[in-house]
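Below, each chain spelled out in residue letters.
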Amino acid sequence: MEIAREHAEEMDAFERWARRVAAADTTFPSRAALEEATFAPVRREEGVVGAWVEREGPDPWSLAMRRRDAVPEELAWRRARLGGLQEYEVAVAGARRYVRARSETTGGAMLIVTLAFE
């Protein structure tokens, strides 16, 4: 829960941004442009070492801040709720701390936003 509390502000801001970009994904002229816009807010954030946005459901896609990186599959995710209704999932792998949020987006799809901090 401490991990979620520590990074809630950054996570909330990036998730709101990712939802807006995902809602407009078809308006970008290329995948590279979509990736550039998606990760612009966190690309130079101190401590952010990874970022991913995945759209599940109709018209699925997946983006990574660094194309070769993927969210490690072996992470043991735990749920963390901070006040209100916002629920996160958190995981730790070595020095990296991961925070993930899920939200519904356009067309009945699910948007999964993950940030990794070190």
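For the structure itself, consult the block above.
Residues numbered from 1 in each chain as written. Predicted model: local features only at pLDDT ≥ 70, side-chain atom pairs only at ≥ 80, totals over all residues. Heavy atoms only, no water.

K.L.:
What is the right way to read the overall build of the chain from this model?
P.N.:
Check the secondary structure of the chain and you find 2 helices and 6 strands. Counted from the first residue to the last, the chain has its helices and strands arranged as α-α-β-β-β-β-β-β. By the compact-globule yardstick of 13 Å for 118 residues, the chain fits well, its C-alpha radius of gyration being 14 Å. Counting only C-alpha atoms and orienting by the principal axes, one finds that the chain spans roughly 40 × 30 × 25 Å. (Helix = DSSP H or I, 4+ residues; strand = E, 2+ residues; numbered from the N terminus. Rg over C-alpha atoms; globule rule 2.2 N^0.38 Å.)

K.L.:
So what exactly am I meant to see when it comes to the pairing of strand S4 (residues 87–93) here?
P.N.:
Remember that side chains alternate between the two faces of the sheet whenever the strand is regular. Pairing between strand S3 (residues 78–81) and S4: 4 bridges, direction antiparallel. Its bridge partner lying in S4, Ala-80 is registered against Tyr-88. The sheet contact formed by S4 and strand S5 (residues 96–104) spans 5 bridges and is antiparallel. Bridging from a neighbouring strand, Val-90 pairs with Val-99 of S5. Counted along the chain from S4 to the antiparallel partner S5, the turn is 2 residues long, and its residue Gly-94 has a positive phi close to 65 degrees. (Pairing = 2+ DSSP bridges.)

K.L.:
I tried to follow the nonpolar core on my own but got confused; where do I start?
P.N.:
When a protein is soluble and globular, its nonpolar side chains tend to lie buried together. Counting residues in each nonpolar core, the largest one holds 26 residues, and the members touching the most others are Phe-14, Phe-39, Val-42, Val-53 and Leu-115. Contributions of two or more residues to this core are made by helix H1 (2–23), helix H2 (31–39), strand S1 (48–56), strand S2 (61–64), S4, S5 and strand S6 (110–117). The greatest single-element share of this core, amounting to 8 residues, is contributed by H1. (Core = buried A, V, L, I, M, F, W, Y, C linked by side-chain atoms within 4.5 Å. Buried < 20%, exposed > 50% of the residue type's maximum accessible area, 1.4 Å probe, protein only.)

K.L.:
Can you help me understand H1 in this one?
P.N.:
Given 3.6 residues per turn, any residue in an α-helix points the same way as the ones three and four places further on. Spanning 22 residues, H1 covers 31 Å between terminal C-alpha atoms, matching the ideal 32 Å at 1.5 Å per step. The largest bend in H1 amounts to roughly 65 degrees and is located at Ala-8. All buried positions along H1 are accounted for by Ile-3, Ala-4, His-7, Ala-8, Met-11, Phe-14, Glu-15, Ala-18, Val-21 and Ala-22. (Expected span 1.5 Å × (residues − 1). Bend = angle between axes of the 7 residues up to and from the residue.)

K.L.:
Whenever I open this one, the sheet that holds S4 confuses me. Can you help?
P.N.:
As a general point, the strands of a sheet are linked pairwise by backbone hydrogen bonds and lie either parallel or antiparallel. Within the open sheet, the 6 strands sit side by side as S2-S1-S6-S5-S4-S3. Their pairing is antiparallel. Of all the strands in the sheet, the pair left with one neighbour each is S2 and S3. The average angle at which neighbouring strand axes cross in this sheet is 20 degrees, direction not considered. Contacts from H1 reach S1, S2, S3, S4, S5 and S6 within the one sheet, and its direction differs from that of S5 by about 45 degrees. With respect to the sheet, H2 is in contact with S1 and S2, its orientation differing from that of S2 by roughly 60 degrees. (Axes fitted to C-alpha atoms, helices over the stretch in contact; angles between N-to-C directions. Contact = heavy atoms within 4.5 Å.)

K.L.:
Would you take a moment to explain the environment of Val-99 for this structure?
P.N.:
Within the secondary structure layout, Val-99 lies in strand S5. Spatially, the C-alpha atom of Val-99 lies 7.5 Å from that of Ile-3, the residues being 96 residues apart in sequence.

K.L.:
Quick question: what am I supposed to make of the packing of aromatic side chains here?
P.N.:
For any two aromatic rings, the description comes down to two numbers: the centre-to-centre distance and the angle of the planes. Under the definition given, this model contains 3 aromatic pairs. Linked through ring pairs, Trp-52, Trp-77 and Tyr-98 together constitute an aromatic cluster. (Phe/Tyr/Trp six-rings, centres within 6.5 Å; stacked < 30°, edge-to-face > 60°.)

K.L.:
Just to check I follow, could you spell out the environment of Arg-44 for this structure?
P.N.:
Inspection of the secondary structure assignment puts Arg-44 in the loop between H2 and S1. Assessed through its relative accessible area of 76%, Arg-44 is described here as exposed. For the pair Arg-44 and Tyr-98, spaced 54 residues apart in the sequence, the C-alpha separation amounts to 17 Å.

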